[in-house]
Amino acid sequence: MWWVAATLSILASAAISSATYTICVLPKTTSYYSADVICDKLDATPIRCLIGIDRLDCLKKINQNEADFAVFEAEDLMISADDKHLSDVLITHRIHATVEKKWEYGVVAVISNKANISQLSDLKGRRLCHPGNNPFSANYDWSEVFSLFFENRVAPQLCDKEVSVEENRIKALADYFGESCKAGVWAADPEIDGQLKNKYKSMCGLCDVPSVCSQRDKYWGRQGALYCLSDCLGDVAWSMLKDARLHFSNVDVSVCKDVSLLCPDGSTRPLNSSDPCVWVTRPVPVIAAKRAKAAD
């Protein structure tokens, strides 16, 4: 609930008067806190709570003067930018957990230095450790965009009209990378999921139980992809930067701990570089308010 404390700090620094303001909150936040818990935190402040259905509903409530402000994510603002009825809703603050924090999180390609990867073309035929399409709990707001970003950038994508979108994606991976592990759900239909895993077995070849290749696999998810790399199975892992740094700082779990970051331009940098090369980032949350209230 760090954004609640950050929001209160911002409001306090703005020298708010004794006037009462209304914040729109959700029944459940991405940190699994209920609206009741959040509103209790605000009970001793000049802020009252209004519960919205979702963040877009909160945008509408602000526009209709039912709420004064709310905390939003980047995708909410992209949607509102195309809605002329929401043009009067302005961003007032970006919420940073720390002064140094530029984004909510960054996603990186971590490579084993033993793999001798020095440019993007060197990834062809290498072993990929992938966290899966939906490996993170809801509090990280991981989406398919982040999951597929790396493979879409480096592996030539296919568009065979005779097969499904899911098969085009996994076939493109299998054609480009060598034996890998991308455990978890490949297709929503369990029967199709099983058929794809049977057809493209190389994408489960590095998994702990290749014949199952499920979310229960040792090498599935945030930590799983990094263990796949540090257990000397893979050549490259797709990971959150903070997860990779934490994982490889623990020598007890890192057998193959000599790793670097592979940059989008093909260069490499140390994992703990002060200027890490991230492939994609999630922007920090923001506070947005109606134009008339933003001046307050």
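Residues numbered from 1 in each chain as written. Predicted model: local features only at pLDDT ≥ 70, side-chain atom pairs only at ≥ 80, totals over all residues. Heavy atoms only, no water.

The name an unreviewed UniProt entry assigns to the protein is Transferrin-like domain-containing protein, from the organism Graphocephala atropunctata.

Draft legend 1. Structural context of helix α3 (residues 55–63). Within α3 the residues assigned to the buried category are R55, D57, C58, L59, K61 and I62. Regarding α3, its N-cap is D54, as a side-chain oxygen of that residue lies 3.2 Å from the backbone nitrogen of L56 further along. One or two residues past the end of α3 sits N65, with phi positive at roughly 65°. (Buried < 20%, exposed > 50% of the residue type's maximum accessible area, 1.4 Å probe, protein only. Helix = DSSP H or I, 4+ residues; strand = E, 2+ residues; numbered from the N terminus. Polar contact = N/O pair within 3.5 Å; in protein donor to acceptor, adjacent residues only side chain to side chain.)

Draft legend 2. Geometry of the pattern of salt bridges. Overall, the coordinates contain ten salt bridges when judged by the stated rule. For D235, the salt bridge goes to R127, with nearest N and O atoms at 2.8 Å. Linking D235 in the loop between α8 (221–230) and β7 (236–240) with R127 in the loop between β5 (105–112) and β6 (128–129), this pair joins segments that are 108 residues apart in sequence. The exposure class assigned to D235 is buried, which follows from its relative accessible area of 8%. Here R127 falls in the partly exposed class, since its relative accessible area comes to 30%. Ionic pairing is found between E151 and K182, a salt bridge with its closest N-O pair at 3.2 Å. Remark: K182 occurs in the loop between α6 (165–176) and α7 (190–199) and E151 occurs in helix α5 (residues 144–154); sequence separation between them is 31 residues. Overall, E151 belongs to the buried group, its relative accessible area being 3%. The buried category is assigned to K182, whose relative accessible area is 5%. Overlapping salt bridges, with partners in common, bring together D57, K61 and E66 in one network. (Salt bridge = Lys/Arg side-chain N within 4 Å of Asp/Glu carboxyl O.)

Draft legend 3. How the structure looks around the packing of aromatic side chains. Taken as a whole and judged by the stated rule, the model has six aromatic pairs. Aromatic side chains W238 and W279 sit 6.3 Å apart centroid to centroid with 90° between the ring planes, which places their arrangement in the edge-to-face category. Of this pair, W238 sits in strand β7 while W279 sits in the loop between β9 (268–270) and β10 (280–282); the two residues are 41 residues apart in sequence, bridging distant segments of the chain. Both residues of the pair, W238 and W279, belong to the buried class. A connected cluster of aromatic rings, assembled from ring pairs, spans F150, Y176, F177, W238 and W279. (Phe/Tyr/Trp six-rings, centres within 6.5 Å; stacked < 30°, edge-to-face > 60°.)

Draft legend 4. Broad picture of helix α9 (residues 241–249). Listed as buried for α9 are L241, D243, A244, H247 and F248. Angularly, the buried residues of α9 cover 160° about the axis, an arc narrow enough to put them on a single face. Within α9, the exposed residues directed more than 90 degrees away from the buried face are L246 and S249. Taken together, the buried residues of α9 touch β5, α8, β7 and β8 (259–262). (Arc of directions from axis to C-beta. Contact = heavy atoms within 4.5 Å.)

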